[in-house]
2 protein chains.
Amino acid sequence: MTDVTLRERVLAANHAAAAELRERFAARGTLVVNLISSPGSGKTTLLEATVTRLAGRLRIGVVEGDIATERDADRLRRLGVPAEQILTGGACHLEARQVRDALARPGFDDLDLLFVENVGNLICPTSYDLGEAFKVVLLSVAEGEDKPLKYPAIFSRAEVTVVSKLDLLPHVDFRLDVVREQVRTLRPDGTQLELSARTGEGLDAWIALLERRCAAARERAAAPR
Amino acid sequence: MTDVTLRERVLAANHAAAAELRERFAARGTLVVNLISSPGSGKTTLLEATVTRLAGRLRIGVVEGDIATERDADRLRRLGVPAEQILTGGACHLEARQVRDALARPGFDDLDLLFVENVGNLICPTSYDLGEAFKVVLLSVAEGEDKPLKYPAIFSRAEVTVVSKLDLLPHVDFRLDVVREQVRTLRPDGTQLELSARTGEGLDAWIALLERRCAAARERAAAPR
């Protein structure tokens, strides 16, 4: 078997598992968001701020993907949300069957919103559908303004781009307008947000987007088939 | 063929190509450094500062690995050093045969120091020997202090850890002593450097390390066999 055939087989199996998950989420009216970025772009910090803001308004769960350590799941559990840690052991992305297995654990049955925080990597997670409603890619202003052009696949596949760590903007060389234009070229119909989870700047638009999309997912699940 | 067998075959082929490269570099007395980090940790900026500092003292060449764009090689060419861009087209790491092919281009024959800047990724490049003398992993202070524990393989395999973007330290939550201890645990015999390529802080130790290792590589090549 060639490399290509093997890769196609792996992707086909993942696709089937993702389709099954997507159907299950749709029936329950659960919005699922697949968060992707480099290590250290602030995925977990954004989730902490999001969970805190939405406490009592939406039932939220988190599935965390990492090579090693339970640190990220622990950070979310401390905020009182169900959080399951998937340890990939070395693999550079999550696969749909891992998400399915994690969701078999208690606490994930009746959610309005499920975040899947992928392994820190701008490349490998791009090709793996996890049954999500949409992908969100984070790019911290500390990472430099050339990243969308250097990692075009993820910036074209993610419906939402979040420029994070906006509080660092005065201290780095990062032109927001240059990045906006790159992302618009790669994903003309996408949504672009700019925020700092640390200061709260820009969080309102992110929260509003999630609430709007959760309401739509609930309505679709309640509509007669 | 199973996934595991295929991966083993790929790694074995890479290992053979890397061994051939290492022998060639040893015979010529060229020091080869494999630079690895997340996207946006400052690998190219460090190379620009390094090339500028060492101009006229060492003959330097650079091989750049990226998914897309020639931006990084262009940045180095502007400084007058031979720079070859490898576009992986989607692959998350460089392989030894790609480095070998890049070095067949003009300008790479008589170097004291060759940098291979890997694809921005803390995971995949870890397993691929490129014939280097040693790996350097960069971690920017903006990425967070938990990264060595979350990506232990690269921090244990890299002989040198460079904490970069030290000028951002006052603006982020990053305890240098916590990171030093994590890295020391993962790589007790490693060298740790902390610097800002932007301000020049800490660069002297990095330059001194490179000059010392280049001198040693030259001496070994000149010694009777």
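About the thresholds
The written sequence of each chain sets the order in which its residues are numbered from 1. Chains carry letters from A onward and ligands carry numbers from 1 onward, assigned in written order. The predicted nature of this model means local features are confined to residues of pLDDT at least 70 and side-chain atom pairs, given and counted, to a pLDDT of 80 or more, with totals for whole chains, interfaces and linings taken over all residues. Water and hydrogen atoms play no part in the side-chain values, which are based on all heavy atoms of the structure. Helix numbering and strand numbering both begin at the N terminus, where a helix is a DSSP run of H or I of at least 4 residues and a strand a DSSP run of E of at least 2. The atom set for the radius of gyration is the C-alpha atoms, and the globule formula is 2.2 Å times the number of residues raised to the power 0.38. The criterion used for residue contact is that any of the two residues' heavy atoms lie within 4.5 Å. A residue counts as positive if it is Lys or Arg and as negative if it is Asp or Glu; His and the chain ends are not included. Here the site of a charge means atom NZ of a Lys, CZ of an Arg, CG of an Asp or CD of a Glu. Under the pairing criterion, centres of Phe, Tyr and Trp rings, with the six-membered ring standing for Trp, must be within 6.5 Å; the plane angle then separates stacked pairs below 30 degrees from edge-to-face pairs above 60, leaving the rest tilted. Relative accessible area decides the class of each residue, using a 1.4 Å probe on protein chains only: under 20% of the type maximum gives buried, over 50% gives exposed, and in between gives partly exposed. Here an angle of 0 to 180 degrees is reported between the N-to-C directions of two axes, which are lines fitted to C-alpha atoms, with helices fitted over the stretch in contact. Angle categories: roughly parallel below 35 degrees, roughly antiparallel above 145, roughly perpendicular from 65 to 115, and oblique for all the rest. Put simply, a crossing is left-handed when the front helix is turned counterclockwise from the back one by less than a right angle, and right-handed when it is turned clockwise. Gly falls in the polar group here, along with every residue not listed as nonpolar (Ala, Val, Leu, Ile, Met, Phe, Trp, Tyr, Cys, Pro) or charged (Asp, Glu, Lys, Arg). Values labelled buried area give the accessible surface lost by two parts on being combined, using a 1.4 Å probe and summing over both. Salt bridge, as used here, is a side-chain nitrogen of Lys or Arg placed within 4 Å of a carboxyl oxygen of Asp or Glu. Under this definition, polar contacts are N or O atom pairs within 3.5 Å; protein pairs additionally need one hydrogen-donor-capable and one acceptor-capable atom, and for neighbouring residues in sequence, both atoms have to be side-chain atoms.

1. Description of the overall build of chain A
For chain A, the helix and strand inventory stands at eight helices and seven strands. A compact globule built from 225 residues would reach a C-alpha radius of gyration of about 17 Å, and chain A, at 17 Å, matches this within 12%. Counting only C-alpha atoms, chain A reaches 50 × 45 × 40 Å along its principal axes. Restricting to contacts in chain A with at least 6 residues of sequence separation, those with at least 24 account for 73%. With 31 positive and 33 negative side-chain charges, chain A shows a separation of 1 Å between the mean positions of the two kinds.

2. Concerning the packing of aromatic side chains
Each aromatic ring pair is specified by the distance between its two centres and by the angle formed by the two planes. Residues and elements named next belong to chain B. According to the stated counting rule, one finds two aromatic pairs over all chains in the structure shown. Aromatic pair F115 and W206: ring centres 6.4 Å apart, planes at 25 degrees, arrangement stacked. One end of the pair, F115, is in strand 4 (residues 113–117); the other, W206, is in helix 8 (residues 203–222), and 91 residues separate them in sequence. Look at W206 and you get buried, because its relative accessible area is 0%.

3. Some thoughts on the packing of helix 2 (residues 43–54) of chain B against helix 8 of chain B
Residue and element names in this part refer to chain B. For the pair helix 2 and helix 8, the least separation of the axes is 11 Å and the interaxial angle reads 70 degrees. As far as their axial angle goes, helix 8 and helix 2 are roughly perpendicular. In the crossing of helix 2 with helix 8, the sense of the turn from one axis to the other is right-handed. Of helix 8, the residues touching helix 2 (which contributes L46, A49, T50, R53 and L54) are L203, D204, W206, I207, L210 and E211. When its residues are assigned to classes, the contact of helix 2 with helix 8 shows seven nonpolar, one polar and three charged.

4. Examining the interface of chain B and chain A
Contact with chain B, which involves 37 residues of that partner, is made by 36 residues of chain A. Of the roughly 3100 Å² buried where chain B meets chain A, counting both sides, 55% is carbon and sulfur surface. Applying the counting criterion to the chain B and chain A interface returns six salt bridges. There are 11 residue pairs in polar contact (both at pLDDT 80 or more) connecting chain B and chain A. Elements supplying a minimum of two residues to the side of chain B that touches chain A: helix 1 (3–28), helix 3 (71–77) and helix 5 (147–150) of chain B. For the side of chain B that touches chain A, the leading source of residues is helix 1 of chain B, giving four residues. Its residues assigned to classes, the side of chain B that touches chain A shows 16 nonpolar, seven polar and 14 charged.

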